[in-house]
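Take a look at the letters that make up each chain.
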Amino acid sequence: MTDKELKKLTRLQLLELLVEQGKELERQKARAERAEKKLRERNLLLGEAGSIAEAALRIQGVFEAAQAAADQYLDSVRGMCGIAVPQEEWKEYEEHERIRESKEAERKRSGQGNAGESGRESLEESRREEPEESVQESPEGSRQEKPEESSS
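Residues numbered from 1 in each chain as written. Predicted model: local features only at pLDDT ≥ 70, side-chain atom pairs only at ≥ 80, totals over all residues. Heavy atoms only, no water.

Interpretation of the predicted coordinates at a detailed level should be avoided for regions scoring low in pLDDT. In the predicted model, the protein carries a mean pLDDT of 76, and the fraction of residues at 70 or more is 71%. Below a pLDDT of 50 lies the segment residues 131-139, which in the model reaches 20 contacts outside its immediate sequence neighbourhood of four places, other chains included. Residue range residues 142-147 is modelled with pLDDT below 50. Its contacts to residues more than four positions away, or to other chains, number 19 contacts. (pLDDT = per-residue confidence, 0-100. Contact = heavy atoms within 4.5 Å.)

Here it is in structure tokens:
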């Protein structure tokens, strides 16, 4: 409204305009408050997300340290038992075991596994899958050729 139009209004009309302006002001304040609250919540979520990412990195470091300690322990146990298995061979063995276990689990899921099959039978089956090497470990940890068995 222009100044001329405002001067022509009665006191009652001016009061009504004033009340209407007050209500509009309250609506805008409420809207601004809601927007600020959303902004604070988003900032809080962003801060928490950063904290969660940092915590995940720390946990990963803990798991890596635990794995390294477990590997070191296994190596020392193998050394105390006189088992000198190179790391590569050990990893191959573990991979073979994982594959065998996954095949066995798949058979059980599909219902092909025998209900009476014992662990010994499955062990014998896994031995049949891979031919036995002609190399054995000596108590000192060095590898030696196995003596050929004579069938006389």
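To continue, consider the pattern of salt bridges. Scanning all chains against the criterion turns up 7 salt bridges. Salt-bridge contacts for R100 lead to E104; the nearest nitrogen and oxygen are separated by 3.2 Å. Residue R100 and its partner E104 are both found in helix 3 (residues 87-110); the two are separated by 4 residues, about one turn of the helix. Members of the salt-bridge network, linked through shared partners, are E97, R100, E104 and K108. (Salt bridge = Lys/Arg side-chain N within 4 Å of Asp/Glu carboxyl O. Helix = DSSP H or I, 4+ residues; strand = E, 2+ residues; numbered from the N terminus.)

A grouping of M1, L6 and L14 is seen on the molecular surface, where their side chains present a nonpolar patch of about 280 Å² in accessible area. Take M1: it is sitting in the segment before helix 1 (3-8). (Patch = residues over 30% accessible without salt bridge, like charges linked within 9 Å, V, L, I, M, F, W, Y side chains within 5 Å. Areas by Shrake-Rupley, 256 points an atom, 1.4 Å probe, with all protein chains shown as cover.)

Here E97 lies in helix 3. By relative accessible area, which is 18% here, E97 ends up buried. Within the structure, E97 has its side chain in polar contact with the side chain of R100 (distance 2.9 Å). (Buried < 20%, exposed > 50% of the residue type's maximum accessible area, 1.4 Å probe, protein only. Polar contact = N/O pair within 3.5 Å; in protein donor to acceptor, adjacent residues only side chain to side chain.)

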